[in-house]
Amino acid sequence: MRRLLALTVAVAVLSAGAACSAERSGSEPGPSGSPPAAGATPGAAGAGPGAAGGSPGPSGPAGGNGPEVCATAQQASGAAVRTYVAELGRMIGAVGANDSATAEAARKRAEAALAGWRTALRQQSARATDPQLRTLLADLASEVGTLGTDVDAIDEEELDELQQRLDQLCAR
């Protein structure tokens with residue numbers, strides 16, 4: 001039961017962030033003349049996932065090719081989260097039913113979804129011309145790389161913080 005509760009919390013964090021940011025990015029294209037976010041220099045580029053401290057990090061939408069990169073990253077994230085969560089649910093159900101073959105197959109599919117998600121984030125990070133967005137997508141890819149199929153080990157707070165930063169950069 002504890003695993004199911006942890007899975008539910010992880011699902012809420014991951015899907016809410018992906019849905020919110022995808023909704024915002026699809027509602028209107030980013031302004032082509034918007035200046036890069038203030039502080040899009042060394043301090044922001046070096047800010048790792050735990051750097052939120054008291055300040056939110058990015059101060060505006062990503063510049064350059066940010067809208068296209070954001071849309072692609074968010075689409076990949078949404079698809080990966082749906083697959084990952086579905087497979088974790090199947091795995092937990094199979095473990096509860098003592099069906100090790102189904103549990104193992106679901107675990108492998110969940111891990112494949114994570115690998116695909118991490119790859120997509122890395123590809124979009126390499127494409128991004130906005131330094132904050134590039135760094136953030138690389139941070140997200142690293143965090144996704146630490147996820148696994150141990151539901152109890154998922155750091156919902158870290159994922160939520162990164163998703164909030166992505167939402168800020170991908171706004172509009």
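Below, the structure is looked at part by part. (Residues numbered from 1 in each chain as written. Predicted model: local features only at pLDDT ≥ 70, side-chain atom pairs only at ≥ 80, totals over all residues. Heavy atoms only, no water.)

A few words on the overall build of the protein. From N to C terminus, the protein includes six helices and zero strands. Reading the helices (α) and strands (β) of the protein from amino to carboxyl end gives α-α-α-α-α-α. Considering the protein as a whole, with its 172 residues, one finds that 40% of them fall into the buried category. Taking all contacts inside the protein whose residues are at least 6 apart in sequence as the whole, residues at least 24 apart take part in 81%. Accessible surface, the protein: about 8,500 Å² in total, of which carbon and sulfur atoms supply 56%. (Helix = DSSP H or I, 4+ residues; strand = E, 2+ residues; numbered from the N terminus. Buried < 20%, exposed > 50% of the residue type's maximum accessible area, 1.4 Å probe, protein only. Contact = heavy atoms within 4.5 Å. Areas by Shrake-Rupley, 256 points an atom, 1.4 Å probe, with all protein chains shown as cover.)

Bringing the environment of Q75 into the picture now. Along the chain, Q75 falls in helix α3 (residues 66–96). You can call Q75 exposed: its relative accessible area is 62%. Between the C-alpha atoms of Q75 and A120, which are 45 residues apart in sequence, the distance is 9.7 Å.

One finds Y84, W117, L121, L133 and L137 to be the most contacted residues of the largest nonpolar core, which totals 34 residues. Those elements that provide at least two residues to this core are α3, α4 (100–127), α5 (131–146) and α6 (156–169). No other element matches α3, which puts 11 residues into this core. If we ignore the near neighbours within four places in the chain, the residues touching L133 are A62, G66, V69, C70, A128, L166, L169 and C170. (Core = buried A, V, L, I, M, F, W, Y, C linked by side-chain atoms within 4.5 Å.)

Turning our eyes to something else, we now look at the side chain of N65. Here N65 is to be found in the loop between α2 (42–45) and α3. You can call N65 buried: its relative accessible area is 16%. Beyond its immediate chain neighbours, meaning those up to four positions away, N65 contacts R127, A128 and T129.

Enumeration according to the criterion identifies five salt bridges in this entry. Put simply, R107 and E104 hold a salt bridge, and the shortest N to O gap is 2.3 Å. Here E104 and R107 lie together in helix α4, a separation of three residues that amounts to about one turn. A relative accessible area of 23% places R107 in the partly exposed class. The class for E104 is partly exposed, based on a relative accessible area of 31%. Note that R165 and D139 form a salt bridge whose closest N and O atoms lie 3.8 Å from each other. (Salt bridge = Lys/Arg side-chain N within 4 Å of Asp/Glu carboxyl O.)

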